[in-house]
Amino acid sequence: MAYEEQFEQARKDVQTLSRKPGNDDLLYLYAHFKQGSVGDVTSKRPGMLDMVGRAKYDAWAKLKGMDQDTARQNYISKVEALRKSHG
């Protein structure tokens, strides 16, 4: 399976987990998915009242400089681990 296909399959697989991952796992997945598909964050940080948006932005911003292939591999590995633990 091609690398991009694995990434896309992992995106689909995460939506079929039997239970929702915790917030830390969700932020990890979000950040690595965005870094793997878009690259470094370029938008402005959300305002103080948007706590969820800020958490997502901060998680993604921490990955600045990580190449997209590494982010994709980390995302795929995390989804595989979650599938094993969350069914």
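The coordinates are above.
1. Some thoughts on helix 1 (residues 3-14)
What sets the pattern is the α-helix's 3.6 residues per turn: residues three or four places apart point alike.
Okay, so step 1: A rise of 1.5 Å per residue sets the reference length of helix 1, with its twelve residues, at 16 Å; its end C-alpha atoms lie 17 Å apart and thus fit the reference within 8%.
Okay, so step 2: Along helix 1, the positions that sit buried rather than exposed are Phe7, Ala10 and Asp13. One side of helix 1 carries all its buried residues, which in axial view fall inside an arc of 125°.
Okay, so step 3: If you follow the buried residues of helix 1, they end up packed against helix 2 (23-37) and helix 4 (68-86).

2. Some remarks on the nonpolar core
Okay, so step 1: Among the nonpolar cores identified, the biggest contains eight residues, and these are Phe7, Ala10, Leu17, Leu29, Tyr75, Ile76, Val79 and Leu82.
Okay, so step 2: The set of elements that each furnish at least two residues to this core consists of helix 1 and helix 4.
Okay, so step 3: Residues contacting Leu29, with those up to four places away along its chain left out, are Val14, Tyr75, Lys78, Val79 and Leu82.
Okay, so step 4: Counting residues in hydrophobic clusters, the runner-up holds six residues, among them Val41, Tyr57, Ala59 and Trp60.

3. Considering the packing of aromatic side chains
The way to describe two aromatic rings as a pair is by their centre distance and the angle between their planes.
Okay, so step 1: Applying the stated criterion across every chain yields a total of four aromatic pairs.
Okay, so step 2: Ring centres of Phe7 and Phe33 lie 5.2 Å apart, and the angle between their planes is 15°; on these two criteria the pair is classed as stacked. Here Phe7, found in helix 1, pairs with Phe33, found in helix 2; they are 26 residues apart in sequence, far enough to count as distant.
Okay, so step 3: On the basis of relative accessibility, which here comes to 8%, the residue Phe7 falls in the buried class.
Okay, so step 4: Between Phe7 and Tyr75 the ring centres are 5.3 Å apart and the planes differ by 65°, which places this aromatic pair in the edge-to-face class.

What counts and what doesn't
- Residues numbered from 1 in each chain as written.
- Predicted model: local features only at pLDDT ≥ 70, side-chain atom pairs only at ≥ 80, totals over all residues.
- Heavy atoms only, no water.
- Helix = DSSP H or I, 4+ residues; strand = E, 2+ residues; numbered from the N terminus.
- Expected span 1.5 Å × (residues − 1).
- Buried < 20%, exposed > 50% of the residue type's maximum accessible area, 1.4 Å probe, protein only.
- Arc of directions from axis to C-beta.
- Contact = heavy atoms within 4.5 Å.
- Core = buried A, V, L, I, M, F, W, Y, C linked by side-chain atoms within 4.5 Å.
- Phe/Tyr/Trp six-rings, centres within 6.5 Å; stacked < 30°, edge-to-face > 60°.

Geometry only, nothing functional implied.
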